[in-house]
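Report on the structure
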Amino acid sequence: MAKLILSMDNLVLKDIGLDKERTTIGRKPHNDIQIDNLAISGEHAVVITILNDSFLEDLGSTNGTFVNGQAVKKHFLQNGDTIELGKYRLKYVNDAPAAASAPDFERTMILRPGQTVKPAAPVSDEPPRAQTPPPAPPPPAPPSTAASPVGAIKVLTGGNAGKELELTKSLTTLGKPGVQVAVIARRPLGYFITHVEGASFPIVNGQALDAQPRKLIDHDIVELAGTKMEFFIKS
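In this report, we go over the structure that sits alongside the text. Worth saying up front: this structure is predicted, and the values here are computed from it rather than measured. (Residues numbered from 1 in each chain as written. Predicted model: local features only at pLDDT ≥ 70, side-chain atom pairs only at ≥ 80, totals over all residues. Heavy atoms only, no water.)

1. Regarding the pairing of strand 2 (residues 11-17)
Bridge count for strand 1 (residues 3-8) against strand 2 is six bridges, and the pairing is antiparallel. Within strand 2, the position partnered with M8 by the bridge is L11. Following strand 1, the chain reverses through two residues before pairing antiparallel with strand 2; D9 in that reversal takes a positive phi of roughly 55°. (Pairing = 2+ DSSP bridges. Helix = DSSP H or I, 4+ residues; strand = E, 2+ residues; numbered from the N terminus.)

2. Comments concerning unusual backbone geometry
Positive phi is not limited to glycine here, since D9 has a value of about 55°. Positionally, D9 belongs in the loop between strand 1 and strand 2. Of note in the backbone geometry, N10 takes a positive phi value of approximately 65° without being a glycine. Inspection of the secondary structure assignment puts N10 in the loop between strand 1 and strand 2.

3. A closer look at the environment of I40
Structurally, the position occupied by I40 is in the loop between strand 4 (33-34) and strand 5 (45-50). Taking the C-alpha atoms as reference points, I40 and K87, separated by 47 residues in sequence, lie 9.6 Å from one another. Not counting residues up to four positions away in its chain, the partners in contact with I40 are G26, R27, I35, L85 and G86. (Contact = heavy atoms within 4.5 Å.)

4. Notes on the sheet that holds strand 21 (residues 221-224)
Sheet architecture is open: six strands sit in the order 14-13-22-21-18-19, paired in antiparallel fashion. Sheet topology places strand 14 (164-166) and strand 19 (207-208) at the edges, where each strand pairs with a single neighbour. Note: strand 18 (residues 203-204) against strand 19, two bridges, orientation antiparallel. Note on strand 19: the bridge partner recorded for I203 is A208.

Written out as structure tokens, the structure reads:
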């Protein structure tokens, strides 16, 4: 399980396990990680954890949120990252293997067509030699999410109706910041949608989500930020 190690002036204060979907950070007592310091906003930031992946989001804090010295608004956390909040440090530790496409995390504003790029196969111009035995075939690649069926979202309503977005990344966010945002995670067991931001939860097949991730099934209808879309598995 991933965790955060809270420290100040190189003195470790405590470890916090990321065993829930949302872990809030701030000065007010209701936060999961309370840091009672005036440099920290009342509700400063949140860490959202979906299965083995976590990403950090600044909640409009006064003094900002930094990761490895860089100011961030939203950041996909990787093992060893250091979150800097004033004089305090939160080191992210996750021994689970990271998804291959984790650095590709991005916010997708509804909605852009997906693109597929096929890598060119290497070709040798040198003719084979009779004295040289043919090279051994390469070992089979280890299984990954890339081998699983690829899902996609098709927009059904609004100005982008008819557009499709392939869900090839480990995490794809959909919606309108400040209104309603959800994230779709691609995992070996399928695709899971989770509410991230907004007072109301996304609706799947006419039923509002709760705080837990929900697995998407072929032809599920998702309503998000005033837009209706269909999830489907590409053949």
